[in-house]
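An overview of the molecular structure
Now for the letters of each chain:
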Amino acid sequence: MSSQEKLSIIGSGIMGHSIALTAAWSGFHVKVWGTNEPDIERARVGLEEKLRVLVGYDVLTESEKQDIIQAITFTDSLTDCVADATFVIEAIPEILELKQDYFKQLDELCPENTIIASNTSGLSATEIAKLTKNPMRTVVTHFWNPAHLMPLVEVVRGKYTSDETAERALALLKAMNKQPILVKKDVLGSVGNRLQYAIFREAQYILEQGIASMEDIDAAIRYSLGRRFGVTGPFMTMDMGGLNTNAAITSYLFEDLCDRKEIFPAMKELVDNGHIGPKAGKGFYDWTPEFTVQMEREREEELIHWLKKDIESVKQPAK
């Protein structure tokens, strides 16, 4: 079914046009809805910049870049965008009421067999579809930012999501050369963000307790888990380290790990003062324009390095 899906993206922001890039790169023709012409123009500029970088790193040829651009159609008409779609991915801001409103509209506009998916990072799939008449065809497809470089997509079943809906979502994402996983239960944060925020919580606790500096905590992840987890996930890592050894560590360490339920004071103070990261020039780190460009480039280079490895592994004949 995946090769026959007609794909539309609702939202032309960073995630929306990046998902469209991914789909067009895989051979799909995609329609993208933006709120107005300035919104669409920003998406076109963002798309061009991402493609320019991929060409610059020899991931794409100039001809492939043009093919991708030609395969993406932008429109400010929601009705036109979804008129003949068989699969719609919503990528609008993370506001539950806003998503519910758009899902209600999409449920009324789309043909009965059209799948309606949300790119939410952690909102409930069931709650997003609450105002729809046919929640069986709704599902979450959570792409990770930047969507055109990160392989993982989490397919999250809502309370009423049908087997067919989940299967079509998984098939589409595989056809888009992604690595989808199925999240069987509708839990906040799905899988990836639950794991990520467990690390965030412990990192802030270690900093609060004066155990290590912010820079050294980041280095501990970058030069250990960050390298290892690129090959082995947590369960495989435990196996390879020996379950007897890891069970012994668990017996004394779990009791000592942070179990805080509220936001940490240091982070709350930063947010309250508007220090929210690169956009504000300050977060936990001081984000000068030069430092921001440097870190964005380093992250992009690392992700493209892994992307090239993924592409090469697909090209290799099976042994």
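Just so we're clear, the structure is a prediction, and the values are computed from it rather than from any experiment. Residue positions are counted from 1 within each chain, in the order its sequence is given. For a predicted model such as this one, the threshold for reporting local features is a pLDDT of at least 70, and the threshold for listing and counting side-chain atom pairs is 80 or more; totals across whole chains, interfaces and linings nevertheless cover every residue. Side-chain measures here rest on the full set of heavy atoms in the structure, leaving out hydrogens and waters.

1. A closer look at the UniProt feature "site: Important for catalytic activity" (unreviewed entry) in the protein
- Under the UniProt annotation, the feature "site: Important for catalytic activity" (unreviewed entry) is placed at His142.
- Think of it this way: any DSSP run of H or I at least four residues long counts as a helix, any run of E at least two long counts as a strand, and we number them from the N terminus. Along the chain, His142 turns up in strand E6 (residues 138-143).
- Note on exposure labels: buried denotes an accessible area under 20% of the residue type's maximum, exposed denotes more than 50%, and partly exposed covers the range between, all computed with a 1.4 Å probe on protein chains only. Taking relative accessible area as the criterion, His142 reaches 3% and is therefore assigned buried.
- Sequence-distant contacts of His142, that is, excluding residues within four places in its chain, are made with Ser118, Asn119, Thr120, Ser121, Leu152, Val153, Glu154 and Asn193.
- Whenever a nitrogen or oxygen atom comes within 3.5 Å of another N or O atom, the pair is scored as a polar contact, on the condition that within protein one atom can donate a hydrogen and the other can accept it, and that pairs from neighbouring residues in sequence are kept only if both atoms are in side chains. A polar contact of 3.3 Å, which involves the side chain of His142, links it to the side chain of Trp144. UniProt positions are given in the numbering used here, feature names are shortened, and annotations may be inferred rather than shown by experiment. Here a residue-residue contact requires only that any non-hydrogen atoms of the pair lie within 4.5 Å.

2. Section: the pairing of strand E5 (residues 115-118)
- Covered by surrounding structure in E5 are Ile115 and Ala117 together with Ile116 and Ser118, the residues of both alternating faces.
- Pairing of E5 with E6, which is carried by three bridges, proceeds in the parallel orientation. Along E6, the bridge assignment pairs Ile116 with Thr138. In short, DSSP must find at least two bridges between two strands for them to pair.

3. Digging into the state of the cysteines
- Two cysteine sulfur atoms make up a disulfide if the distance between them is within 2.5 Å. All chains considered together, the criterion is met by zero disulfides.
- Its sulfur unpaired, Cys110 is 8.9 Å from the next cysteine sulfur, which belongs to Cys81.

4. A short note on the packing of helix H2 (residues 37-56) against helix H3 (residues 62-70)
- Two elements in contact, H2 and H3, have axes separated by 10 Å at closest approach and are oriented at 155°. Overall, the two elements H2 and H3 adopt an arrangement that is roughly antiparallel. H3 is crossed by H2, and the crossing has right-handed handedness. Counted together, Glu48, Leu51 and Val55 of H2 and Glu62, Lys65, Ile68 and Ile69 of H3 form the full contact between these two elements. For helices, the fitted axis covers only the stretch in contact; all axes are lines through C-alpha atoms, and the angles between them, taken along N-to-C directions, range from 0 to 180 degrees. Here the word oblique covers every angle except those under 35 degrees (roughly parallel), over 145 (roughly antiparallel) and from 65 to 115 (roughly perpendicular). In this scheme the crossing of two helices becomes right-handed for a clockwise turn of the near helix relative to the far one and left-handed for an anticlockwise turn of less than a right angle.

5. Re the side chain of Thr232
- Here Thr232 is to be found in the loop between helix H9 (214-228) and helix H10 (234-241).
- A polar contact of 2.8 Å, which involves the side chain of Thr232, links it to the side chain of Thr237.

6. Digging into the packing of helix H1 (residues 14-25) against H2
- Running from N to C, H1 and H2 cross one another at 50°; their axes reach a closest spacing of 10 Å. Relative to H2, the element H1 is oriented oblique. Once H1 is placed against H2, the crossing between them reads as right-handed. On H2, the residues touching His17, Ser18, Leu21 and Trp25 of H1 are Ala43, Gly46, Leu47, Lys50, Leu51 and Leu54.
- Among the residues making up the contact of H1 with H2, the classes are represented as six nonpolar, three polar and one charged. By the convention adopted, Pro, Cys, Tyr, Trp, Phe, Met, Ile, Leu, Val and Ala count as nonpolar, Lys, Arg, Asp and Glu as charged, and the other residues, Gly among them, as polar.

7. Quick word on the sheet that holds strand E7 (residues 152-156)
- Taking strand neighbours across the sheet as the criterion, the eight strands line up as E3-E2-E1-E4-E5-E6-E7-E8 in an open arrangement whose pairing is mixed. Only two strands of the sheet have a single neighbouring strand rather than two, namely strand E3 (72-75) and strand E8 (179-183). Taking each pair of neighbouring strands and ignoring which way they run, the sheet shows an average axis angle of 25°.
- When strand E1 (residues 7-10) meets strand E2 (residues 30-33), the two strands line up parallel, connected through four bridges. Its bridge partner being in E2, Ser8 is matched across the sheet by Lys31.
- Sheet contacts for helix H5 (residues 96-109): E1, E2, strand E4 (87-90), E5 and E6; angle to E5, the most-contacted strand, approximately 170°.

8. Brief notes about the domain arrangement of the protein
- Bear in mind that the domain bounds are from an automatic or database domain assignment. You can read the domains of the protein as domain 1 (7-183) and domain 2 (193-287).
- On a C-alpha basis, the centres of domain 1 and domain 2 stand 30 Å from each other.

9. Examining the pattern of salt bridges
- We count a salt bridge whenever a side-chain nitrogen from Lys or Arg sits within 4 Å of a carboxyl oxygen from Asp or Glu. The tally for this structure, following the rule as stated, stands at 15 salt bridges.
- The shortest N-O distance in the salt bridge between Arg168 and Glu5 comes to 3.0 Å. With Arg168 in helix H7 (residues 163-175) and Glu5 in the segment before E1, this residue pair connects regions lying 163 residues apart in the sequence. The two residues Arg168 and Glu5 agree in class, both being buried.
- With a shortest N-O distance of 2.8 Å, Lys268 and Asp272 are connected by a salt bridge.

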